[in-house]
Amino acid sequence: MCTRNGLLSRKRCMVAHLELQKLSDTRWACRAVACRNLMDRLPAVLCVLQNISAENHRDRSIDARGLLAQIDLTFIGLLATFQKVFGDTKLLSDLLQSPSVDLAMAADMVESLLDTFQEYRTETFSDKLWHDIVKTAKQCNIAVGNVEKKRAQSQHQTWWVVCDMYYRPAQG
């Protein structure tokens, strides 16, 4: 159950009726909105899954527990990364589909997106993204305590490796 000290957490569980977006098979740009919506509603989604997992409906309960088992710090990290990448590329996608776009404007937007991707490779961006991931994980009661951020160098790029991730279910 989604509780806090024995009381139902209405802030997390009793939200307005909102639906997650159905993904389009033809427009990948809609994934930016889907990632944003899921990230914004992740605590409520986890609450609903926890409630469903406690129900007596066997199939629904098993499905909910399976989904809960997959939502961990790695999931949040990937969701935050995809939200950022898809969100930034959505602007270009929308512009390129505009009937009034000209070649110079499109070239400028592509160059701007490339600059943005270069910024992704900075330590400042990485630290901000990590902060957002940790903040979301804490809101969702997903443990970040024993997580070690290691920097691994390769010839051409820097990768951040996150180790020892685990999910801590809600106390109840």
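Small disclaimer: the values here were computed from a predicted structure and weren't measured.

> I keep staring at the overall build of the chain and nothing clicks. Help me out?
Of the regular secondary structure elements, the chain holds six helices and four strands. Element order for the chain, N to C, with α for helix and β for strand: β-β-α-α-α-α-α-α-β-β. Burial analysis of the chain (172 residues in total) assigns 33% to the buried set. Considering only intrachain contacts with a sequence separation of at least 6, the fraction spanning at least 24 residues in the chain is 56%.

> Would you explain the side chain of Thr 136 in this entry?
Mapped onto the elements of the fold, Thr 136 is located in helix α6 (residues 123-139). The contacts of Thr 136, once residues within four sequence positions are left out, are Met 39, Leu 42 and Ile 76.

> What's the story with the packing of helix α4 (residues 73-96) against helix α5 (residues 103-120) in this structure? I'm lost.
A pair of packed helices can be characterised by two numbers: the angle between their axes and the separation between those axes. α5 packs onto α4 with a crossing angle of 175° between their chain directions and a minimal axis gap of 10 Å. With respect to α5, the element α4 is oriented roughly antiparallel. Contacts from Lys 84, Val 85, Asp 88, Thr 89, Leu 91, Leu 92, Leu 95 and Leu 96 of α4 reach α5 at Met 105, Ala 106, Met 109, Val 110, Leu 113, Thr 116, Phe 117 and Tyr 120. Residues that form the contact of α4 with α5 fall into these classes: twelve nonpolar, two polar and two charged.

> Which parts of the structure should I look at to understand helix α2 (residues 30-53)?
A turn of α-helix holds 3.6 residues, and therefore any two residues three or four places apart point the same way. Taking 1.5 Å of rise per residue, 24 residues should cover 34 Å, yet α2 covers just 29 Å from first to last C-alpha, more than 12% shy of that figure. The sharpest bend along α2 measures roughly 65° and falls at Leu 42, with the proline Pro 43 sitting one to four residues further on. The element α2 is extensively covered by neighbouring structure, given that 18 of its 24 residues are classed as buried.

> Please clarify how the nonpolar core should be interpreted in this entry.
A general tendency of soluble globular proteins is for nonpolar side chains to be buried together. Membership of the largest hydrophobic core comes to 27 residues, with the highest contact counts inside it found for Leu 42, Leu 46, Leu 73, Ile 133 and Ile 142. Secondary-structure elements contributing two or more residues to this core are α2, α3 (58-70), α4 and α6. In terms of residues, this core owes the most to one element, α2, which gives nine residues. In this structure Leu 42 touches Ile 71, Phe 75, Ile 76, Thr 136 and Cys 140, once residues within four positions along its chain are discounted.

> What is the right way to read the pattern of salt bridges from this model?
Any two side chains of opposite charge can pair, so long as their charged atoms come close to each other. Scanning the model with the defined rule gives four salt bridges in all. For Asp 88, the salt bridge identified is with Lys 84, shortest N-O distance 3.7 Å. Of this pair, Asp 88 and Lys 84 both sit in helix α4, separated by four residues, roughly a single helical turn. Lys 84 gets classed as partly exposed once you look at its relative accessible area, which sits at 35%. The partner of Lys 90 in a salt bridge is Asp 94, with the nearest N and O atoms 2.7 Å apart. Within this pair, Lys 90 and its partner Asp 94 are both found in helix α4, separated by four residues, close to a single helical turn. The exposure class assigned to Lys 90 is partly exposed, which follows from its relative accessible area of 23%. By relative accessible area, which is 31% here, Asp 94 ends up partly exposed.

Here is what the cut-offs are and how they apply
Sequence positions are assigned chain by chain, starting from 1 and proceeding in written order. Totals for whole chains, interfaces and linings use all residues, but because this is a predicted model, local features are given only for residues with pLDDT of at least 70 and pairs of side-chain atoms are given and counted only at 80 or more. Note that water and hydrogens are dropped before the side-chain values are worked out from all heavy atoms of the structure. Numbering of helices and strands runs from the N terminus; a helix is a DSSP stretch of H or I covering at least four residues, while a strand is a stretch of E covering at least two. The buried label applies to any residue whose accessible area, calculated with a 1.4 Å probe on protein chains only, is under 20% of its type's maximum; exposed applies above 50%, and partly exposed to all values in between. Residue contacts are defined here by distance: any two heavy atoms, one from each residue, within 4.5 Å place the two residues in contact. Axes here refer to lines fitted to C-alpha atoms; in helices the fit is confined to the stretch in contact. Angles between the N-to-C directions go from 0 to 180 degrees. Roughly parallel covers angles under 35 degrees, roughly antiparallel covers those over 145, roughly perpendicular covers 65 to 115, and oblique covers all other angles. Classes in brief: Ala, Val, Leu, Ile, Met, Phe, Trp, Tyr, Cys and Pro nonpolar; Asp, Glu, Lys and Arg charged; the others, Gly included, polar. Multiplying one less than the number of residues by 1.5 Å gives the expected span of a helix. In this analysis the local bend is the angle between axes fitted, respectively, to the seven residues ending at and the seven residues starting at the residue. Only buried Ala, Val, Leu, Ile, Met, Phe, Trp, Tyr and Cys residues count toward a nonpolar core, and they belong to the same one when joined by side-chain atoms within 4.5 Å. One speaks of a salt bridge when a side-chain nitrogen belonging to Lys or Arg is within 4 Å of a carboxyl oxygen belonging to Asp or Glu.

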